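Coordinate analysis (summary)
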Amino acid sequence: MSSGRIQIVNGRGLHRFALLLAGCVVVLIGAGALVTSKQAGLAVPDWPLSYGSLNPPRWWQIENVRAEHGHRLIAGTVALLTMLLAWRFRRREARRWVRRLAYLAVAAVLVQALLGGITVLLFLPLPVSVAHAGLAQLFFCLVVTLAVVTAPAWQRADFALQHAAARRRLARLATALTGGIYLQVLVGAVMRHSGAGLAIPDFPLAFGRLVPPRFDFGIAVHYLHRLNALVVLVGVALTVALVVRRFRRERTLLLPAAALALLVVAQVSLGAAVVLTGKSVLPNTAHVAVGALLLASSLVLTLYGWHGVQVLGQGAAHDSRGQRVESLALNEVPS
């Protein structure tokens, strides 16, 4: 076993705050997905105000205005919480790279707000809308990372040396999976914001075939989304199988792997429901939110995977130095 330790001096307060913020970001992503599902992106046509006011009267009585303005209120709350979290990290977090991640999260949420405003003012241009969706997921990943690296489990750095090779393989596989899921998020954003969600109207086949008989932009994007979903499904299966086979006793790996398995089944089911219900609001919105949770679970597995690799590497280097010192000492003993 390796006895490497990484000191964290902040206690559990920052971890709990980061978890709270991560939960709020999931709500924000769901609220944004609801706006898109209801096609309510222009229900409030001005920005940064709403009908010339910070909080227009009786906004909750009009369905689409309630969705859009509610989304803005949640976004404002998340921005304030992010800045407060960064301030607390500045005061209580000893690791410079972690503090920088907190500052980067503040920059990301401010740019995200700006992109949201541009989306409204330019009448929902596809590139800006996709960038808005993609940055939302990156911001979520930043917050999840802050929650992970401040967790008490991050300090428990005892790993079995006999699994070092498998741990490196897991870290690489989880990294590729996280990238694949994020690519899927981007393709899904293009599909949603270009109105191609029903470009292929049947499921699981495409116009009754494995390959669509014809292609245009909408069909191509939709079909690519389905193909990449298969790639992600295979990646999840391989990753979960490796964790169960080699690391079933490590909760920091087993729990996100279990979440991956459950969430990918839910996500595929929701994707099918989106098509089969003609883009009903509830499955359409839940599909985006569950996609964010799937991405986060893969990211957590990636972070803990590489953390184990790093700690074992440090332990091996420490043991090697210790052996060299012992060898030198023995050579100095007179015969």
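Residues numbered from 1 in each chain as written. Predicted model: local features only at pLDDT ≥ 70, side-chain atom pairs only at ≥ 80, totals over all residues. Heavy atoms only, no water.

**Remarks on unusual backbone geometry**
Which entries qualify depends on this criterion: A helix here means a DSSP run of H or I that spans at least four residues, while a strand means a run of E at least two residues long, and both kinds are numbered starting from the N terminus.
Cis geometry is adopted by the peptide bond preceding Pro 48, which originates at Trp 47 and carries an omega value of 10°. For Pro 48, the location among the structural elements is in the loop between helix 1 (13–37) and helix 2 (63–92). Residues Phe 203 and Pro 204 are joined by a peptide bond in cis, for which omega reads 5°. With respect to the helices and strands, Pro 204 occurs in the loop between helix 6 (164–193) and helix 7 (217–246). Residue Gln 39 is not a glycine yet carries a positive backbone phi of 55°. Mapped onto the elements, Gln 39 comes out in the loop between helix 1 and helix 2.

**A word on the packing of aromatic side chains**
Rules: Aromatic rings from Phe, Tyr and Trp, with only the six-membered ring used for Trp, were paired whenever their centres fell within 6.5 Å, and each pair was classed as stacked if the ring planes differed by under 30 degrees, edge-to-face if by over 60, and tilted otherwise.
Inspection of every chain in the model, using the stated rule, returns 3 aromatic pairs. When the centroid spacing of 5.4 Å and the interplanar angle of 55° are considered together, the rings of Trp 154 and Tyr 304 count as tilted. Residue Trp 154 is located in helix 5 (residues 152–155), and its partner Tyr 304 is located in helix 9 (residues 281–331); the two are separated by 150 residues in the primary sequence.

**Re helix 3 (residues 96–121)**
Because an α-helix completes one turn every 3.6 residues, residues spaced three or four positions apart along the sequence face the same direction. Using the following cut-off: Expected span of a helix: the number of residues minus one, times 1.5 Å.
Counted at 1.5 Å a residue, the expected span for helix 3 with its 26 residues is 38 Å, and the 38 Å between its end C-alpha atoms agrees. Just past helix 3, the residue Phe 123 takes up positive phi, approximately 65°.

**Regarding the layout of surface pockets**
Test applied: Here the term cavity refers to a set of points on a 1 Å grid, laid over the protein atoms alone, in which a 1.4 Å probe fits but cannot get out; the term pocket refers to an open set having protein on both sides within 12 Å along at least five of seven lines, with lining residues being those that place an atom within 4 Å of a point. Grid points are joined across faces, edges and corners, and a volume is the space filled by probe spheres set on the points. Classification convention: Asp, Glu, Lys, Arg as charged; Ala, Val, Leu, Ile, Met, Phe, Trp, Tyr, Cys, Pro as nonpolar; all other residues, Gly among them, as polar.
Roughly 380 Å³ of volume is contained in the second largest pocket. Lining the second largest pocket are 20 residues, with His 15, Leu 19, Ala 147, Val 148 and Val 300 sitting closest to its centre. Mapped by element, the contributors of at least two residues to the lining of the second largest pocket are helix 1, helix 4 (126–149), helix 5, helix 8 (251–276) and helix 9. Split into classes, the residues belonging to the lining of the second largest pocket amount to 15 nonpolar, 4 polar and 1 charged.

**A look at a nonpolar patch on the surface**
So the rule is basically this: Residues forming no salt bridge and having over 30% relative accessible area are the ones grouped into patches, like charges within 9 Å of each other and nonpolar side chains (Val, Leu, Ile, Met, Phe, Trp, Tyr) within 5 Å. Surface accessibility follows the Shrake-Rupley procedure with a 1.4 Å probe radius. Residue values consider only the protein chains on display as shielding. We count a salt bridge whenever a side-chain nitrogen from Lys or Arg sits within 4 Å of a carboxyl oxygen from Asp or Glu.
A contiguous nonpolar patch, built from Phe 203, Leu 227, Leu 230, Leu 233, Val 268 and Leu 276 and spanning about 510 Å² of accessible area, is present on the exposed surface. Secondary-structure elements contributing two or more residues to the nonpolar patch are helix 7 and helix 8. The biggest single contributor to the nonpolar patch is helix 7, with 3 residues.

**Side note on the packing of helix 2 against helix 3**
We count it as follows: Throughout, an axis means a line fitted to C-alpha atoms (over the contacting stretch in the case of helices), and angles, computed between N-to-C directions, take values from 0 to 180 degrees. Angles below 35 degrees are treated as roughly parallel, those above 145 as roughly antiparallel, those between 65 and 115 as roughly perpendicular, and all remaining angles as oblique. Should the near helix be turned anticlockwise from the far one by less than a right angle, the crossing is termed left-handed; should it be turned clockwise, right-handed. Every residue pair with non-hydrogen atoms within 4.5 Å of one another is taken to be in contact.
Their axes nearest at 9 Å, the elements helix 2 and helix 3 cross at an angle of 160°. As the angle between them shows, helix 2 and helix 3 are arranged roughly antiparallel. Of the two elements, helix 2 crosses helix 3, and the hand of that crossing is left-handed. Across from Glu 68, Arg 72, Val 78, Ala 79, Thr 82, Met 83, Ala 86, Phe 89 and Arg 90 in helix 2, the residues of helix 3 making contact are Val 98, Arg 99, Ala 102, Tyr 103, Ala 105, Val 106, Val 109 and Val 120. Broken down by class, the residue content of the contact of helix 2 with helix 3 amounts to 12 nonpolar, 1 polar and 4 charged.

Just geometry here; none of it tells us what the structure is for.
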